[in-house]
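Spelled out, the chains give:
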Amino acid sequence: MPESTAANSETLFERAQSSLPGGVSRNTLLHGEHPLYVSHSAGCRVVDVDGVERIDFANNMASLIHGHAYGPIVDAVSEQLRRGTAFTMATEAEIRMAETLRGRTTSFEKIRFVNSGTEAVMTGIKAARAFTGRTRVAKIEGCYHGSYDYAEMSQAPAPANWGNADHPNTVPLAQGTPPSVVEETIILPFNDPENAIAILNENADQIACVLMDPIPHRVGMLAASSESVQALRTWTHENGALLMFDEVISFRNEFGGMQARFDFDPDLTSLGKIIGGGFPIGALAGRSDVMDVFVKGEHGMRLPHSGTFSGNPISITAGNVALDEFDKAAVERLNTLGDYARAQVATAIHNADVPACVTGSGSLLRVHLKPEPPRNYRESYLSAPESAALNALIEALYDNGIMMIHTCTTALSTAMTPVEIDRLADAMEQSLIAVREQLLSCA
Ligand code: PMP
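Rules and cut-offs
- Residues numbered from 1 in each chain as written.
- Predicted model: local features only at pLDDT ≥ 70, side-chain atom pairs only at ≥ 80, totals over all residues.
- Heavy atoms only, no water.
- Buried < 20%, exposed > 50% of the residue type's maximum accessible area, 1.4 Å probe, protein only.
- Helix = DSSP H or I, 4+ residues; strand = E, 2+ residues; numbered from the N terminus.
- Right-handed = clockwise from strand over helix to strand, strands pointing away.
- Pairing = 2+ DSSP bridges.
- Axes fitted to C-alpha atoms, helices over the stretch in contact; angles between N-to-C directions.
- Contact = heavy atoms within 4.5 Å.
- Arc of directions from axis to C-beta.
- Near = heavy atom within 4 Å.
- Polar contact = N/O pair within 3.5 Å; in protein donor to acceptor, adjacent residues only side chain to side chain.
- Areas by Shrake-Rupley, 256 points an atom, 1.4 Å probe, with all protein chains shown as cover.
- Nonpolar A, V, L, I, M, F, W, Y, C, P; charged D, E, K, R; others polar.
- 1 Å grid on protein atoms, 1.4 Å probe; cavity = no way out; pocket = protein on both sides within 12 Å on 5 of 7 lines; lining within 4 Å.
- Points joined across faces, edges and corners; volume = space filled by probe spheres on them.
- Salt bridge = Lys/Arg side-chain N within 4 Å of Asp/Glu carboxyl O.
- Patch = residues over 30% accessible without salt bridge, like charges linked within 9 Å, V, L, I, M, F, W, Y side chains within 5 Å.
- Lys, Arg positive; Asp, Glu negative; His and termini not counted.
- Charge placed at Lys NZ, Arg CZ, Asp CG, Glu CD.
- Domains from an automatic or database assignment.
- Buried area = accessible area lost by both parts, 1.4 Å probe.

Q: Now, about the pairing of strand S10 (residues 242–246): what can you tell me, with residues and values included?
A: Here S10 lies mainly inside the structure; five of its five residues are buried. Because side chains alternate across S10, one face comprises the buried residues Leu242, Met244 and Asp246, and the other comprises Leu243 and Phe245, equally buried. In this fold, strand S9 (residues 207–212) hands off to helix H8 (residues 226–238), which returns the chain to S10; that crossover is right-handed. Pairing analysis gives three bridges linking S10 to strand S11 (residues 268–272), with the strands arranged parallel.

Q: Hey, could you go over the sheet that holds S9 for me, with residue numbers and the actual values?
A: Strands sit in the order S4-S12-S11-S10-S9-S5-S8 across an open sheet of seven strands; the sheet is mixed. The sheet is open, and its two borders are formed by strand S4 (110–114) and strand S8 (185–188), each paired with just one other strand. Neighbouring strand axes in the sheet, compared pairwise and without regard to direction, differ in orientation by 20° on average. Bridging between S11 and strand S12 (residues 282–286) involves five bridges; their strand directions are antiparallel. Bridge assignment links Thr269 to a residue of S12, and that residue is Ala285.

Q: Can you lay out the pairing of strand S5 (residues 136–140) for me, pointing to particular residues and giving the numbers?
A: Most of S5 is tucked away, with five of its five residues classed as buried. Where burial is concerned, the two faces of S5 agree: the one with Arg136, Ala138 and Ile140 and the one with Val137 and Lys139 are both buried. Here S5 runs beside S9; their pairing, made up of four bridges, is parallel. The residue bridging Arg136 from the neighbouring strand is Ile207, located in S9.

Q: Account for the sheet that holds strand S16 (residues 364–368), with residues named and values stated.
A: Across the sheet, three strands lie side by side as S15-S16-S18; this open sheet has antiparallel pairing. Both edges of this open sheet fall to strand S15 (357–361) and strand S18 (409–411), since each of them pairs with a single strand only. Averaged over all pairs of adjacent strands, the angle between their axes in this sheet comes to 15°, without regard to strand direction. Bridge analysis of S15 against S16 gives five bridges, and the strand direction is antiparallel. Paired with Ser361 across the two strands is Leu364, which belongs to S16. Across the sheet, helix H11 (residues 328–352) is in contact with S15 and S16; its angle to S15 comes to roughly 175°.

Q: Account for helix H4 (residues 92–102), with residues named and values stated.
A: Turning to H4, its buried residues are Met97, Ala98, Thr100 and Leu101. For H4, the arc enclosing every buried residue in end-on projection is 160°, short of the 170-degree limit, so these residues lie on one face. Within H4, the exposed residues directed more than 90 degrees away from the buried face are Glu92 and Glu99. The secondary structure elements touched by the buried residues of H4 are S4, S11 and helix H10 (313–325).

Q: Tell me about the site of the ligand, and please be specific about residues and values.
A: Around the ligand, the neighbouring residues are Ser116, Gly117, Thr118, Tyr144, His145, Gly146, Asp213, Asp246, Val248, Ile249 and Lys273. One of the side-chain N or O atoms of Thr118 is found 2.7 Å from an oxygen atom in the ligand. Take Lys273: an N or O atom from its side chain is 2.8 Å from a nitrogen atom of the ligand. When the ligand is considered free in solution it has 390 Å² of accessible area, and contact with the protein chains removes 82% of it. Looking at the shell around the ligand, its residues break down into three nonpolar, five polar and three charged.

Q: Pulling in residues and values, what's your account of empty space enclosed by the protein?
A: In the structure shown here, the tally under the stated rule is one cavity of 30 Å³ or more. As a volume, the largest cavity reaches approximately 70 Å³. Forming the boundary of the largest cavity are Ile140, Pro189, Phe190, Asn191, Asp192, Pro193, Ala196, Met212, Ala224, Ser228, Val229 and Leu232. The set of elements that each furnish at least two residues to the lining of the largest cavity consists of helix H7 (193–202) and H8. Broken down by element, the residue count for the lining of the largest cavity peaks at three residues, all from H8. Taken together, the residues of the lining of the largest cavity sort by class into nine nonpolar, two polar and one charged.

Q: Please give an account of the pattern of salt bridges that cites residues and values.
A: Side chains that differ in sign of charge can pair as their charged atoms come close. All chains considered together, the criterion is met by 15 salt bridges. The partner of Arg233 in a salt bridge is Asp267, and the shortest N-O contact between them spans 2.8 Å. Note that Arg233 is positioned in helix H8 and Asp267 in the loop between S10 and S11, a separation of 34 residues in sequence. Just as Arg233 is buried, Asp267 falls in that class too. As a salt-bridge pair, Arg261 and Glu254 come within 2.7 Å of each other at their nearest N and O atoms.

Q: Hey, could you go over a negative patch on the surface for me, with residue numbers and the actual values?
A: A contiguous patch of negative charge, built from Glu10, Glu14, Glu33 and Asp50, is present on the exposed surface. Relative to the helices and strands, Glu10 is located in helix H1 (residues 9–16).

Q: How would you explain the domain arrangement of the chain if you had to name every residue and give the values?
A: When the parts of a complex come together, some accessible area is lost, and that lost area is often used as the size of the interface. Split by domain assignment, the chain resolves into domain 1 (36–65 + 328–440) and domain 2 (71–325). Each of domain 1 and domain 2 has a C-alpha centre, and these two points are 26 Å apart. On the side of domain 2, 31 residues touch domain 1, which itself brings 31 residues to the contact. With both sides pooled, the region where domain 1 packs onto domain 2 buries about 2500 Å², and carbon together with sulfur makes up 58% of that total. Of all residues in domain 1, the largest losses of buried area upon contact with domain 2 belong to Leu364, Tyr377 and Arg378, amounting jointly to 30% of the total for that side. Taken together, domain 1 and domain 2 are joined by one salt bridge. The partner of Glu141 in a salt bridge is Arg378, and the shortest N-O contact between them spans 2.8 Å. In this structure, the connection of domain 1 to domain 2 is made through 19 residue pairs in polar contact (both at pLDDT 80 or more). Those elements giving two or more residues to the side of domain 1 that touches domain 2 turn out to be helix H2 (59–62), H11, S15, S16, helix H12 (377–380) and S18. Looking at the side of domain 1 that touches domain 2 element by element, the count peaks at five residues for H11.

What follows is the structure in structure tokens.
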């Protein structure tokens, strides 16, 4: 089959419908009438097959910390490609990457590499079960943790099924989810320690782990309060459960991940995205005694674990370079750029005179079509007209040369400078003005 024929995004999408369900391999690419098909990229710019160049603020769902085709990664990976891509053998490079990660935060005593954030979260939940001998998992309403059954409960509940805000329902994402999964998953309200602890107390001796994201994207890119995280830390300590941070996205926000902002450690952390330098990766990091579930001991092997491409030398080689180059100074520079971006986008919103606001922290930013920053998933939730307005805004941004994550979120890369941020702010103002009437009619 030829690699490409009549190369335009519309015809490629038509062709894709016959072979790929919905025409894609992942739904996040769907926006407008058809997804865009990529031709090439460099740094923070991507050109599609239709010849249009855009600044990429999506960075493959926040995974490309150094942007596209980053020279040092291309060189290191090219060299490794010539030496081999995957072996039924271990590599020194994976030891080095584990050492690098251990050096960045105290809670990473031992690390196991997997292939995606989904797998990291799944492996963490299974490790918590194997360690505690319990089966239930508690997670926060609206948080995205990938597609393991338990982790995706109440990822996207709606007003018709989400129940009482103080005691949310456990809402399956996919049709056909076994009722036993619903039964085993406990949903906690975000930044509401009092109600969260009351719910946990109802299940006190059954919870293997409490899973939380310190700045959950889908909840609204809102930081978890120290008070609420401290409450979960204390409760898990006192009740024999583990606290697991999902830092698949948030790790980028501090040299040692967002957990560095708290004065206590989680027991386990799931990682992914930026640590793979643009290649598929995930990792589970945590306390040595918990990570010993992967090791044969007096109780046998409590959690047998493998994976054909786990720790493969391509992802690890790219990840080693990505992490080396994302040192303390780079993290700080990017976070300063993030502060500038949030301020510039807030000005754009003000100038466009629309009911919108901006949230986020570090190198992450999200625009909400709400006059005030939401405080939780329910307040971030978009009605059907608001959702249509957000889609129109994202299309207008694409037309103005800016690529965003479909929730109107940006994840900056080190390839960016204030010049690109100013372009983002200009495009945001123009795009908000273009959809202003539609936005106002939602209010
Ligand atoms: N956890 C979080 C916080 C995520 O943002 C994501 C991906 N968006 C995942 C887990 C799943 O990662 P992956 O797509 O690599 O499976």
